[in-house]
Amino acid sequence: MARYAIVTDLNRCVGCQACSAACKTINGVMPGDFWIKTLRIGPTPKEGGSGDWPDVEMYFLPIQCQHCEDPECVKVCPTQASHVTEDGTVQIDKDKCIGCQFCAMACPYGVRYLNEEERVVEKCTLCQQRTAQGELPQCVAQCGSRARFFGDLDEGLESFQALAPTHDLATPYEEMMQNRTTLGEWVEPFTEADVYHLTDTGNGPKHCYILRNRKWQGEE
Amino acid sequence: MELQWPLILFTTLLAWAAGVFGAQCLYALRGQGTRAQMPALITSAVLLVVGGIAVFFHLEHWERIFNGFGHLSSGITQELIAIVVLAVVMVVYFVYLRRGGDEAKVPAWLAAVGLVLAVVLVAVMGHSYMMASLPAWDSVLQIGSLLGAACGFGPATMAVLCAVKDESLDYTAKVNVIGQIVNVVLVVAYLVAMQATVGAYTQVDFWFDPTQPTMDIAPTGVTEPLSGASLPFSVVALIAAACGVAGAFVGKAKKDWKVWGAVCVACVLVSALALRVVFYMTGISIYPFF
């Protein structure tokens, strides 16, 4: 069983919202609903600084379903509509969902919501329709600053992949989409201490965030 | 979180149903209030059914309820099991009451089982809302608040039914006073427990969600029952529960449980509904930024 996840290098993320837009486009997410949002965290006064600009720091934080190791949303689902699949992602079988919304209440990150049209709960699927065919999640593929990488945690963060630049404008789109680089090849060096997760209430969020030389805001 | 009225009614009515059944089992164990036993059982059953119907209005696709329903780790499944078990015991209780005729006696073991199951149902129901994601909900005192409501509802309803059946009993006064005091204590305890979770949320000094640029994302006191918009409802919950205690003492003094029993029921109902409103108003995710 794989443990698919996304790693975001927050030192690279510029908060362009391309991930949100790409996600909404490919997954048909309704206006007003989001499977991924990018928040601006800060500006926060630097420790030991004057408290005013330029002694401040900030970063952008893309938030989506964290496809947790021990997801509370799955535990509370009465029909097992919410379930963990073989690739380690949390998915919703919409035909089984009775719309009780207990999963939305149980999610620590509030990323689940009721689709008012279908009257079932939905959230990020980690683009299962794409990853099952060897493609990257759309938020990773369309990341404007190549800050996001997709892969299997069992293979190590260094192996996570993103699309690589071709620099040849004549490259066909299909070929471009197969051109890959890895996090190990592409990003600045980082240590284990630079890797963060969203607040863990025992659910074990899988997505990782790399943040160097800045203070991670909020509890892990 | 938005107020989930079907769930508010479900939890309140189930606490009421369990309270009445538990109280009548207590009466049966002490050999009291025999003429009120059947009306109490009917009242409890009706409340259970109405509460069950109310919860269906929360489900967006109730017609799929048997489409794989039964995941045991789910609080909803556990609630359903507890309700079915209690309903079965209520049917057995009904059979014994019918067989007993005017004496309306049930075996002590059945009354004891009924009392335990009434407590279990309320505990299971409260436990299904204990979620680490929502600090204000994740407290055993949240279960305690529902048990408190059951302790308030049950004896007060039994007091009315006993009075209607001309069973003016000292036992009614004693049980009702204790029930109302337990309720007010547990209401206070849960409000304090909710207030104490204020520092449990992930804190970020400055942040901005570009998809909601004009939204007041964290208005003051949103996670606190004793400030902001929640405060009036907390005060109502508290005052109504306290009025229930006062009503029980007045009923005891005047020995008029038709009126003062009903006053106690009304007070507990207002208190329980107000507390559940506070419950949803403070139902904020531990990571409240999405």
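Residue indices begin from 1 for each chain and proceed along its sequence in written order. Here the convention is simple: chains get letters from A, ligands get numbers from 1, in the order in which they are written. Local features in this predicted model are restricted to residues whose pLDDT is 70 or higher, and side-chain atom pairs enter the listing and the counts only when it is 80 or higher, whereas totals over whole chains, interfaces and linings include all residues. Hydrogen atoms and water are omitted, and side-chain values are computed over all heavy atoms in the structure.

> Which residues make up the layout of surface pockets, and what values do they have?
All names here are of chain B. Detection works on a 1 Å grid of protein atoms alone, calling trapped sets that fit a 1.4 Å probe cavities and calling open sets with protein on both sides within 12 Å along at least five of seven lines pockets, with lining residues defined by an atom within 4 Å of a point. Grid points are joined across faces, edges and corners, and a volume is the space filled by probe spheres set on the points. Taken as a whole, the second largest pocket holds about 430 Å³ of empty space. As for the second largest pocket, its lining consists of 21 residues, and the residues nearest its centre are G52, V55, F56, L80 and I83. Looking at the lining of the second largest pocket, the elements with two or more residues in it are α1 (5–29), α2 (37–56) and α3 (75–100). By residue class, the composition of the lining of the second largest pocket is 18 nonpolar, two polar and one charged. The numbering of helices and of strands both runs from the N terminus, where a helix is a DSSP run of H or I of at least 4 residues and a strand a run of E of at least 2. Any residue outside Ala, Val, Leu, Ile, Met, Phe, Trp, Tyr, Cys, Pro, Asp, Glu, Lys and Arg is labelled polar, Gly included; the first ten of those are nonpolar and the last four are charged.

> Lay out the sheet that holds strand β2 (residues 36–45) of chain A in plain terms, naming residues and giving numbers.
With antiparallel pairing, three strands are arranged side by side in an open sheet as β3(A)-β2(A)-β1(B). Taken across any chain shown, the strands that pair with only one partner, and hence form the sheet edges, are β3 (56–64) of chain A together with β1 (207–208) of chain B. By the bridge criterion, eight bridges tie β2 of chain A to β3 of chain A in an arrangement that is antiparallel. Residue pairing across strands places R40 of chain A opposite F60 of chain A, the latter belonging to β3 of chain A. What makes two strands pair is DSSP finding at least two bridges between them.

> Residues and numbers for the packing of aromatic side chains, please.
Any pair of aromatic rings gets described here by the distance separating the centres and the angle formed by the planes. Stacked, edge-to-face and tilted are the three classes for Phe, Tyr and Trp ring pairs, Trp counted by its six-membered ring, which pair at centre distances within 6.5 Å; planes under 30 degrees apart are stacked, over 60 edge-to-face, the rest tilted. This structure, assessed with the given rule, holds 18 aromatic pairs over all chains. Residues Y59 of chain A and W216 of chain A carry aromatic rings whose centres are separated by 6.0 Å and whose planes lie at 15° to one another, so their mutual orientation is stacked. You can see Y59 of chain A sitting in strand β3 and its partner W216 of chain A sitting in the segment after β12 (208–210), a full 157 residues away along the chain. Buried, partly exposed and exposed residues are distinguished by accessible area as a fraction of the type maximum, computed with a 1.4 Å probe on protein chains only: under 20%, between the cut-offs, and over 50%, respectively. Y59 of chain A gets classed as buried once you look at its relative accessible area, which sits at 4%. You can call W216 of chain A buried: its relative accessible area is 9%. Three or more aromatic residues link up through ring pairs in this structure, and these residues are F102 of chain A together with Y129, W137, F279 and Y280 of chain B. Whether a charge sits over a ring comes down to the Lys NZ or Arg CZ being within 6 Å of the ring centre and within 35 degrees of the ring normal. Of note, R276 of chain B hangs over the ring of Y129 of chain B, and the distance from its end group to the ring centre comes to 5.4 Å. The ring of F279 of chain B is capped by R276 of chain B, whose NZ or CZ atom sits 4.0 Å from the centre of that ring.

> Could you give me a rundown of the pattern of salt bridges, with the residues and numbers involved?
Residues and elements named next belong to chain A. The salt bridge criterion pairs a side-chain nitrogen of Lys or Arg with a carboxyl oxygen of Asp or Glu, the two atoms within 4 Å. Enumeration according to the criterion identifies eleven salt bridges over all chains in this entry. Across the salt bridge formed by D154 and R3, the nearest N and O atoms sit 2.7 Å from each other. Highlighted residues: D154 in the loop between β8 (148–152) and β9 (161–163) and R3 in the segment before β1 (4–9), separated in sequence by 151 residues. Relative accessible area serves as the criterion here: at 44%, D154 is assigned to the partly exposed category. In this structure, E135 and R130 form a salt bridge, with 3.8 Å as the shortest nitrogen-oxygen distance. For E135, a relative accessible area of 26% corresponds to the partly exposed category.

> Before we move on, could you go through the nonpolar core and cite the residues and values that matter?
Proteins that are soluble and globular tend to have nonpolar side chains buried together. Formed by 97 residues in total, the largest nonpolar core has its most connected members in F102 of chain A together with F21, Y93, L121, Y129 and W137 of chain B. Among the elements that take part in this core, α1 of chain B stands out by supplying 14 residues, more than any other. Any two residues whose heavy atoms approach within 4.5 Å at even a single point are treated as in contact. The residues contacting Y129 of chain B, other than those within four sequence positions of it, are F102 of chain A together with L7, F10, T11, E79, W137, Q142, R276, F279 and Y280 of chain B. In this structure, V7, V29, A141 and F160 of chain A belong to the second largest nonpolar core, which totals 52 residues. As used here, the term nonpolar core means buried Ala, Val, Leu, Ile, Met, Phe, Trp, Tyr and Cys residues forming a set that is joined through side-chain atoms within 4.5 Å.

> Lay out the interface of chain B and chain A in plain terms, naming residues and giving numbers.
In this assembly, 40 residues from chain B lie in contact with 48 residues from chain A. Each partner contributes to the roughly 3,800 Å² buried at the junction of chain B and chain A, and carbon and sulfur atoms together form 61% of this total. Three residues stand out in chain B for area buried against chain A, namely E60, Y287 and F290 of chain B, and they jointly supply 22% of the buried area on that side. Across the chain B-chain A interface, the total number found is one salt bridge. In this structure, D209 of chain B and K37 of chain A form a salt bridge, with 2.9 Å as the shortest nitrogen-oxygen distance. Polar contacts here mean pairs of N or O atoms no more than 3.5 Å apart (in protein, one a potential hydrogen donor and the other a potential acceptor; neighbouring residues in sequence count only if both atoms are side-chain atoms). For the pair chain B and chain A, the interface holds 22 residue pairs in polar contact (both at pLDDT 80 or more). For the side of chain B that touches chain A, the residue count by class is 21 nonpolar, 16 polar and three charged. Pairing analysis gives two bridges linking β2 of chain A to β1 of chain B, with the strands arranged antiparallel. Within β1 of chain B, the residue paired with I41 of chain A across the bridge is W207 of chain B. Once two parts are joined, some of their accessible surface, as seen by a 1.4 Å probe, is lost; buried area is that loss totalled over both.

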